[in-house]
Amino acid sequence: MTVHWTNTANAHLVAIYEYIAKDSPRYALRMVDKLTARSKQIAQFPYSGRIVPEYELNEVREIIEYPYRIIYRIKQEQIDVLAVIHGSRLLPENL
């Protein structure tokens, strides 16, 4: 199945990169690479992530790439990555 990164999720990746790059551009790139590489797992095994407790919807799931939560929605034709949120932050009511 195809994994589509939404504009919001891409903006989160840019913000993560910029924040980490203040101290280490190399580590920032590694972190973003690790986050985006999880697309392979999501594409092959969409239901491998757990249901997001804050939303309790079967089609909205998350996988963890510590310390980040990758939130995604399973659709019939594709998977949309909705957000990449630091584990210590609260999720918005609507993604």
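None of these values were measured; they are calculated from a predicted model. (Residues numbered from 1 in each chain as written. Predicted model: local features only at pLDDT ≥ 70, side-chain atom pairs only at ≥ 80, totals over all residues. Heavy atoms only, no water.)

1. A closer look at the side chain of Thr6
Locating Thr6 in the fold gives a position in the loop between strand S1 (2–5) and helix H1 (7–21). Judged by its relative accessible area of 15%, Thr6 is buried. With residues up to four places along the chain from it excluded, the contact list for Thr6 reads Asp80, Val81 and Leu82. (Helix = DSSP H or I, 4+ residues; strand = E, 2+ residues; numbered from the N terminus. Buried < 20%, exposed > 50% of the residue type's maximum accessible area, 1.4 Å probe, protein only. Contact = heavy atoms within 4.5 Å.)

2. Quick look at the packing of H1 against helix H2 (residues 25–44)
Closest axis-to-axis distance for the H1/H2 pair is 7 Å, and the angle between their directions is 155°. Classified by the angle between their axes, H1 and H2 sit roughly antiparallel to one another. Note on packing geometry: the crossing formed by H1 with H2 is right-handed. Counting all contacts with H1, which are made through Leu13, Ile16, Tyr17, Ile20 and Ala21, the residues of H2 involved are Pro25, Tyr27, Ala28, Leu29, Met31, Val32, Leu35 and Thr36. Residues of the contact of H1 with H2, tallied by class, amount to 12 nonpolar, one polar and no charged. (Axes fitted to C-alpha atoms, helices over the stretch in contact; angles between N-to-C directions. Parallel < 35°, antiparallel > 145°, perpendicular 65-115°, else oblique. Left-handed = near helix turned anticlockwise from the far one by under 90°. Nonpolar A, V, L, I, M, F, W, Y, C, P; charged D, E, K, R; others polar.)

3. Some thoughts on the environment of Leu82
Inspection of the secondary structure puts Leu82 in strand S5 (residues 78–86). Taking the C-alpha atoms as reference, Leu82 lies 5.1 Å from Tyr72; in sequence the two are 10 residues apart.

4. Considering unusual backbone geometry
For the bond from Tyr66 to Pro67, the omega torsion is 5°, close enough to zero to count as cis. Tracing the chain through its elements places Pro67 in the loop between strand S3 (60–65) and strand S4 (68–74). Of note, Glu56 is a non-glycine position whose phi angle comes to about 50°, a positive value. Within the fold, Glu56 resides in the loop between strand S2 (50–51) and S3.

5. A closer look at the pattern of salt bridges
For the structure shown, the criterion picks out six salt bridges. Note that Lys34 is salt-bridged to Glu65, the shortest N-O span being 3.9 Å. Residue Lys34 is found in helix H2, and its partner Glu65 is found in strand S3; the two are separated by 31 residues along the sequence. Take Lys34: its relative accessible area is 39%, and that puts it in the partly exposed class. Judged by relative accessible area, Glu65 falls into the buried class, the value being 14%. (Salt bridge = Lys/Arg side-chain N within 4 Å of Asp/Glu carboxyl O.)

6. Observations regarding the pairing of S3
Counting buried positions over the six residues of S3 gives five, a clear majority of the element. In this sheet, S3 lies alongside S2 in antiparallel orientation, the contact comprising two bridges. Note that in S3 the partner of Arg50 across the bridge is Glu62. Bridge count for S3 against S4 is six bridges, and the pairing is antiparallel. The residue of S4 that forms the bridge with Ile63 is Ile70. The antiparallel pairing of S3 with S4 creates a hairpin that spans two residues between the two strands. (Pairing = 2+ DSSP bridges.)

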